[in-house]
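# Fold and contact review
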Amino acid sequence: MKVILQKDVPNLGDAGDIKEVANGFARNYLLPNKLVIVANESSKKAIDHQAKLIKIKKEKRKKTSEQIVSSLSDIELIMPVKVGEEGKLFGSITSIDIARALKEKGFEVDKRKILLDAPIKHEGEFKVSIKLEESLTAAVKVTVVKE
């Protein structure tokens, strides 16, 4: 069944996308929750309207993301932690810790958008990338110091 997404649906698509889904999935979940409308000739106007709304929404989201990127590039996070001999940490600094530190600075960032190859396990300065949009990433300086 061809449907037009009214709202963003995880693992399916964004609002305005036209998708082919199983009949049961559409009848039992998507249509009762008003997440989609059936794609047919009468819904052509809805498709056009939805496309305009999505374009406006994406432009607005991109502008706010650009502002956040410029603000985040000036941020330096200083993470005081307990350190053993040779500068190794007791534990590690993960994306969760970085997200909490950013929240304390006033930035609400999802931990899944923080790109760490591996947890930080020693003292030093690190550049951590935060992916806000498909094409927008911000680099935050994280300094790990002895507590």
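How each quantity is defined
- Residues numbered from 1 in each chain as written.
- Predicted model: local features only at pLDDT ≥ 70, side-chain atom pairs only at ≥ 80, totals over all residues.
- Heavy atoms only, no water.
- Pairing = 2+ DSSP bridges.
- Helix = DSSP H or I, 4+ residues; strand = E, 2+ residues; numbered from the N terminus.
- Axes fitted to C-alpha atoms, helices over the stretch in contact; angles between N-to-C directions.
- Phe/Tyr/Trp six-rings, centres within 6.5 Å; stacked < 30°, edge-to-face > 60°.
- Buried < 20%, exposed > 50% of the residue type's maximum accessible area, 1.4 Å probe, protein only.
- 1 Å grid on protein atoms, 1.4 Å probe; cavity = no way out; pocket = protein on both sides within 12 Å on 5 of 7 lines; lining within 4 Å.
- Points joined across faces, edges and corners; volume = space filled by probe spheres on them.
- Contact = heavy atoms within 4.5 Å.

### Here's the deal with the sheet that holds strand β1 (residues 2–5)
As summarised here, the arrangement of the three strands in space is β2-β1-β3, forming an open sheet in which the pairing is antiparallel. The open sheet terminates on both sides in strands that have one partner only, identified here as β2 (18–20) and β3 (36–38). Each strand axis lies, on average, 35 degrees off the axis of its neighbour in the sheet, ignoring direction. With three bridges joining them, β1 and β3 adopt antiparallel strand pairing. Looking at the pairing, V3 lines up with V38 of β3.

### Quick notes on the packing of aromatic side chains
Applying the stated rule across the entire model yields one aromatic pair. Ring geometry for F25 versus Y29: centroids 5.6 Å apart, planes at 15 degrees, classification stacked. With a gap of four residues between them, F25 and Y29 both fall in helix α1 (residues 23–30), about one helical turn apart. Y29 sits in the partly exposed class, given a relative accessible area of 40%.

### Description of empty space enclosed by the protein
With the rule as written, the count across this model stands at one cavity of 30 Å³ or more. Counted as a void, the largest cavity has a volume near 40 Å³. In this structure, the largest cavity is lined by D8, D14, A15, I54, K57, K58 and R61.

### Re the pairing of β1
Examined bridge by bridge, β1 and β2 share three bridges and lie antiparallel to one another. When the sheet's bridge partners are listed, V3 is paired in β2 with K19.

### Side note on the environment of M79
Along the chain, the position of M79 falls in strand β4 (residues 76–81). In this structure M79 comes out as buried when scored by relative accessible area, which is 10%. Linking M79 and I96, residues 17 residues apart in sequence, is a C-alpha distance of 13 Å. Ignoring anything within four residues of it in the chain, the contact list for M79 reads I93, D97, I98, A101, V142, T143, V144 and V145.

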